[in-house]
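# Coordinate inspection notes
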Amino acid sequence: MGLLESAITGRKGRNSHAHVVAELGSAIVAGRIAEGSLLPGDSELSARFGVSRTVLREAMKTLAAKRLVEPKAKVGTRVVDRAMWNFFDADVLGWRCDSGLDFEFIEHLAEMRIALEPAAAAAAARRATNDDIVQLYAIAARFDDLHHTPETIAKVDLEFHLAIARMSGNPFMRSASAIVEAALAISFQLSSPAASQEKIDEVASNHLRIAHAIASRDADKAVQAMRHVIDVGKSRIRASIASSSIPSLEGTEIRSLR
């Protein structure tokens with residue numbers, strides 16, 4: 001069995017371009033197609049996927065934009081080293097999550113949240129409109145629900161954090177939303193606060209504190225409140241893993257919250 005046959009299914013999806021991108025992209029990120037290796041030629045790939053060369057070329061352009069592959073004249077299309085991949089891209093990040101988790105990856109996501117979200121909360125405290133604040137309070141109020149499932153409370157949490165990114169007025173904050181979604185998906189799947197009323201109350205209170213700080217235009221308090229929420233989530237994951245004696249998270253599959 002060759003490189004391509006062992007790495008992907010080759011089954012044609014409804015959208016040929018999207019299918020080729022997803023099959024090759026996920027195989028690269030999961031390591032089923034090795035870094036530095038050359039992909040098969042256009043003829044072989046076109047036959048394998050049952051798509052035209054035009055569709056294949058567009059798919060390769062998409063993968064190149066994600067920094068997963070690099071075409072070179074007279075050489076072929078080579079898989080780029082992992083250090084160059086664009087992990088801000090939602091697809092790349094999603095494929096990375098689906099390929100299996102490890103502690104280092106979770107820590108890296110938490111570090112990025114700490115770097116980005118407190119700053120977004122501070123900016124929101126300075127720039128949010130009155131309508132923005134009303135909307136944020138409305139989202140925060142939905143945390144307080146005895147009937148929450150892990151899925152429903154995770155979706156409220158994502159909506160809350162994405163609202164703050166938008167309220168920050170900084171397009172770079174909004175563009176980093178894939179990191180927030182991935183981190184929350186991992187957090188709520190491994191250890192959801194929906195497990196108890198006490199934890200739901202804690203989450204509701206902590207997020208309301210962020211809303212209050214933004215509403216009062218206090219950037220420093222907004223930063224502190226956001227950092228606290230991120231730290232609590234990280235601690236909840238660590239406690240859950242320690243209590244269940246999970247030696248590795250490899251193979252854990254994370255689905256999008258949207």
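Since the model is a prediction, treat every value here as computed from it, not as a measurement.

Reading guide: rules and limits
- Residues numbered from 1 in each chain as written.
- Predicted model: local features only at pLDDT ≥ 70, side-chain atom pairs only at ≥ 80, totals over all residues.
- Heavy atoms only, no water.
- Helix = DSSP H or I, 4+ residues; strand = E, 2+ residues; numbered from the N terminus.
- Buried < 20%, exposed > 50% of the residue type's maximum accessible area, 1.4 Å probe, protein only.
- Contact = heavy atoms within 4.5 Å.
- Areas by Shrake-Rupley, 256 points an atom, 1.4 Å probe, with all protein chains shown as cover.
- Pairing = 2+ DSSP bridges.
- 1 Å grid on protein atoms, 1.4 Å probe; cavity = no way out; pocket = protein on both sides within 12 Å on 5 of 7 lines; lining within 4 Å.
- Points joined across faces, edges and corners; volume = space filled by probe spheres on them.
- Nonpolar A, V, L, I, M, F, W, Y, C, P; charged D, E, K, R; others polar.
- pLDDT = per-residue confidence, 0-100.
- Patch = residues over 30% accessible without salt bridge, like charges linked within 9 Å, V, L, I, M, F, W, Y side chains within 5 Å.
- Salt bridge = Lys/Arg side-chain N within 4 Å of Asp/Glu carboxyl O.
- Lys, Arg positive; Asp, Glu negative; His and termini not counted.
- Charge placed at Lys NZ, Arg CZ, Asp CG, Glu CD.

### Considering the overall build of the chain
Across its full length, the chain carries 12 helices and two strands. For the chain, the N- to C-terminal ordering of α and β elements is α-α-α-α-β-β-α-α-α-α-α-α-α-α. Each of the 258 residues in the chain was classed as buried or not, and the buried ones make up 46%. Long-range pairs, those at least 24 residues apart, make up 74% of the contacts in the chain between residues at least 6 apart in sequence. Of the roughly 12900 Å² of accessible surface on the chain, 53% is carried by carbon and sulfur atoms.

### Let's talk about the pairing of strand β1 (residues 69-72)
With four bridges joining them, β1 and strand β2 (residues 76-79) adopt antiparallel strand pairing. Along β2, the bridge assignment pairs K72 with G76. Hairpin connection between β1 and β2: a loop of three residues separates the two successive antiparallel strands, and K74 in this loop has a positive phi of roughly 65°.

### Describing empty space enclosed by the protein
Using the criterion set out here, one finds two cavities of 30 Å³ or more in the structure. The calculated volume of the largest cavity comes to roughly 240 Å³. Forming the walls of the largest cavity are 21 residues, and the residues nearest its centre are R113, S187, I230, G233 and K234. Those elements that place two or more of their residues in the lining of the largest cavity are α6 (103-127), α10 (177-190), α11 (197-215) and α12 (219-244). Residue contributions to the lining of the largest cavity peak at seven residues, all from α12. Across the lining of the largest cavity, the residue classes break down as 13 nonpolar, four polar and four charged. What the second largest cavity holds in volume is close to 100 Å³. Lining the second largest cavity, in full, are L116, E117, A120, H161, L162, I164, A165, M173, A176, S177, V180 and M226. Elements with a minimum of two residues in the lining of the second largest cavity: α6, α8 (150-167) and α10.

### Brief notes about the confidence of the model for the chain
Summing up the model confidence of the chain, the mean pLDDT is 87 and the portion of residues at 70 or higher is 88%. Element-level mean pLDDT values for the chain span from 48 in helix α1 (residues 3-7) up to 98 in helix α7 (residues 130-141). Scored below 50 in pLDDT, residues 1-6 makes 10 contacts in the model with residues more than four places away or belonging to other chains. In the model, residues 245-254 has pLDDT below 50 throughout and makes 30 contacts with residues more than four positions away in sequence or in other chains.

### As for the environment of D220
Its place among the elements puts D220 in helix α12. The spatial distance from the C-alpha of D220 to the C-alpha of A121 is 9.1 Å, given a sequence separation of 99 residues.

### Some words on a negative patch on the surface
Taken together, the side chains of D144, E198, D201 and E202 make up a negatively charged region of the molecular surface. Counting through the fold element by element, D201 comes out in helix α11.

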